[in-house]
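Residues per chain are reported as follows:
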Amino acid sequence: MPELPDVELFRRRLSATSLRRRVVSVRGSDRRLVAPLAPKTFARKLNGRRFVSARRYGKYLFVRLDKGGWLALHFGMTGDLRYVRRGAASPAFARLLFEFADGGRLVFADRRRLGRLRFVADTDDFIAAQRLGPDALSGKANLRVFKATLKTRQCGVKSALMDQGAIAGVGNIYSDEILFQAGIKPKRSARTLEDKEIARIFRQMKRVLRTAIARGAGSEQLSERLPPSFLLRHRVKGGKCPRCHRPFRTLKLGGRTGYYCGHCQS
DNA sequence: TTAAGTGTTGCTCT
DNA sequence: AAGAGCAACACTTA
């Protein structure tokens, strides 16, 4: 689930609820989630800290801690970040809870446990070490850079869009939408796209991601909140193209399923 | 009931 | 050495 728009909504949620408040207790016992630290060590390092700001880059969320350093969160396939008021029930699959003095808590939920939380000294160093490309919504992801990146890729355009080292933030779901809006088939070779087509993909990438954020299309209500003209509203087995009403086709890429319209995309 | 499917990254093999 | 495929995970759906 969590691609750029989802993580951006997590960032806003955290900023609205959890900044400048002291963490009085950290609960959670999943070893893999906080590796290489042990859960106890992880909790001790965070206990008594305050979150002072939050930054997103691609699919990563960074939370700055008072007294220095950052917490880096990655949500894997099923991660979610929720704020829960005192007395209210935690969401299902809650794996890690940051509790504040008034009983409110920030909860990292993750059904499949593929998410990760770790301490990092500097976010830019971390981003460089991870070899992430420019964030899809930043000014650094401009048409000139985008064109140069796609032209050097041997793979299909959908794979290129999902490559975090090319552009950070786009995954399987949103790459489907971007290519649908741009009218480009997913398996077209990235290298042989015309300049005009690349410009279309670039423009739609920005528009689709901004629209998803503006509509609050995170996690559960992803499709319902998006415009009916979006592929994502109809991205189910047997779903039909909102433009020509023909059934969508699917393709497999290393175990992931992609959707596209064989008529409207070329 | 059993097996296939699932929005991620990272590792292996070619 | 870039690109493809699968493992990791654990739960849901067919």
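Since we're looking at a predicted model, the values are computed, not measured.

### Quick notes on the overall build of chain A
Piece 1. If you tally the helices and strands in chain A, you get 8 helices and 10 strands.
Piece 2. For a compact globule of 266 residues, the expected C-alpha radius of gyration is about 18 Å, and chain A comes in at 20 Å, within 12% of that figure.
Piece 3. Taken over the C-alpha atoms alone, chain A extends approximately 55 × 35 × 30 Å along its principal axes.
Piece 4. For chain A, the residues scored as buried account for 52% of the 266 residues in total.
Piece 5. Counting contacts in chain A only where the partners sit at least 6 residues apart, residues at least 24 apart contribute 61% of the total.
Piece 6. Element-wise, carbon and sulfur atoms account for 48% of the exposed surface of chain A, whose accessible area totals about 12,600 Å².
Piece 7. Computing the positive centroid from 57 side-chain charges and the negative centroid from 21, chain A places the two 2 Å apart.

### Section: the domain arrangement of chain A
Piece 1. Assigned domains within chain A: domain 1 (4–129) and domain 2 (143–260).
Piece 2. The partner domain 2 presents 15 residues to the 12 residues of domain 1 that form the contact.
Piece 3. In this structure, the connection of domain 1 to domain 2 is made through 0 salt bridges.
Piece 4. Put simply, domain 1 and domain 2 have 1 residue pair in polar contact (both at pLDDT 80 or more) between them.
Piece 5. Here the side of domain 1 that touches domain 2 takes 7 residues from helix 1 (residues 4–17), the largest share from any one element.
Piece 6. Residues belonging to the side of domain 1 that touches domain 2 are distributed by class as follows: 5 nonpolar, 1 polar and 6 charged.

### Considering the packing of aromatic side chains
Piece 1. Under the definition given, this model contains 11 aromatic pairs.
Piece 2. By way of ring pairs, the aromatic residues F51, Y83, F98 and F100 are connected into one cluster.
Piece 3. In this arrangement the basic side chain of K45 is found over the ring face of F119, its NZ or CZ atom lying 4.6 Å from the centre.
Piece 4. R243 extends its terminal NZ or CZ atom over the ring of F180, reaching a point 4.8 Å from the ring centre.

### Section: the protein's contact with DNA strand C
Piece 1. Every residue lining DNA strand C is accounted for by R32, F93, R95, R111, R112, R113, L114, R153, Q154, C155 and G254.
Piece 2. Take the atoms of DNA strand C that sit within 4 Å of the protein: sugar and phosphate atoms are 70% of them.
Piece 3. Residue R113 places a side-chain N or O atom 3.0 Å away from a phosphate oxygen belonging to DNA strand C.
Piece 4. Between C155 and DNA strand C, the recorded distance is 3.4 Å, taken from a backbone N or O atom to a phosphate oxygen.
Piece 5. Looking at side-chain class alone, the surface near DNA strand C contains 3 nonpolar, 2 polar and 6 charged residues.

### A look at empty space enclosed by the protein
Piece 1. The tally for this structure, following the rule as stated, stands at 1 cavity of 30 Å³ or more.
Piece 2. By volume, the largest cavity is sized at about 30 Å³.
Piece 3. Lining the largest cavity are L14, F51, V63, L71, L73, L81, F98 and L106.
Piece 4. Residue composition of the lining of the largest cavity, grouped by class: 8 nonpolar, no polar and no charged.

### Let's talk about the pairing of strand 2 (residues 51–57)
Piece 1. Here strand 2 pairs with strand 3 (residues 60–65) via 6 bridges, running antiparallel. By the bridge assignment for strand 3, S53 is matched with R64.
Piece 2. Hairpin remark: strand 2 followed by strand 3, antiparallel, with 2 residues in the connecting loop; positive phi at G58, about 60°.

### Description of the packing of helix 1 against helix 8 (residues 195–214)
Piece 1. At a minimum axis distance of 9 Å, the contact between helix 1 and helix 8 shows a crossing angle of 40°. It follows from the interaxial angle that helix 1 and helix 8 lie oblique. As for how helix 1 packs across helix 8, the hand of that crossing is right-handed. Counted together, L4, P5, E8, L9 and R12 of helix 1 and L209, A212 and I213 of helix 8 form the full contact between these two elements.
Piece 2. Residue composition of the contact of helix 1 with helix 8, by class: 6 nonpolar, no polar and 2 charged.

Cut-off values and rules
- Residues numbered from 1 in each chain as written.
- Chains lettered and ligands numbered in written order.
- Predicted model: local features only at pLDDT ≥ 70, side-chain atom pairs only at ≥ 80, totals over all residues.
- Heavy atoms only, no water.
- Helix = DSSP H or I, 4+ residues; strand = E, 2+ residues; numbered from the N terminus.
- Rg over C-alpha atoms; globule rule 2.2 N^0.38 Å.
- Buried < 20%, exposed > 50% of the residue type's maximum accessible area, 1.4 Å probe, protein only.
- Contact = heavy atoms within 4.5 Å.
- Areas by Shrake-Rupley, 256 points an atom, 1.4 Å probe, with all protein chains shown as cover.
- Lys, Arg positive; Asp, Glu negative; His and termini not counted.
- Charge placed at Lys NZ, Arg CZ, Asp CG, Glu CD.
- Domains from an automatic or database assignment.
- Salt bridge = Lys/Arg side-chain N within 4 Å of Asp/Glu carboxyl O.
- Polar contact = N/O pair within 3.5 Å; in protein donor to acceptor, adjacent residues only side chain to side chain.
- Nonpolar A, V, L, I, M, F, W, Y, C, P; charged D, E, K, R; others polar.
- Phe/Tyr/Trp six-rings, centres within 6.5 Å; stacked < 30°, edge-to-face > 60°.
- Lys NZ or Arg CZ within 6 Å of the ring centre and 35° of its normal.
- Near = heavy atom within 4 Å.
- 1 Å grid on protein atoms, 1.4 Å probe; cavity = no way out; pocket = protein on both sides within 12 Å on 5 of 7 lines; lining within 4 Å.
- Points joined across faces, edges and corners; volume = space filled by probe spheres on them.
- Pairing = 2+ DSSP bridges.
- Axes fitted to C-alpha atoms, helices over the stretch in contact; angles between N-to-C directions.
- Parallel < 35°, antiparallel > 145°, perpendicular 65-115°, else oblique.
- Left-handed = near helix turned anticlockwise from the far one by under 90°.

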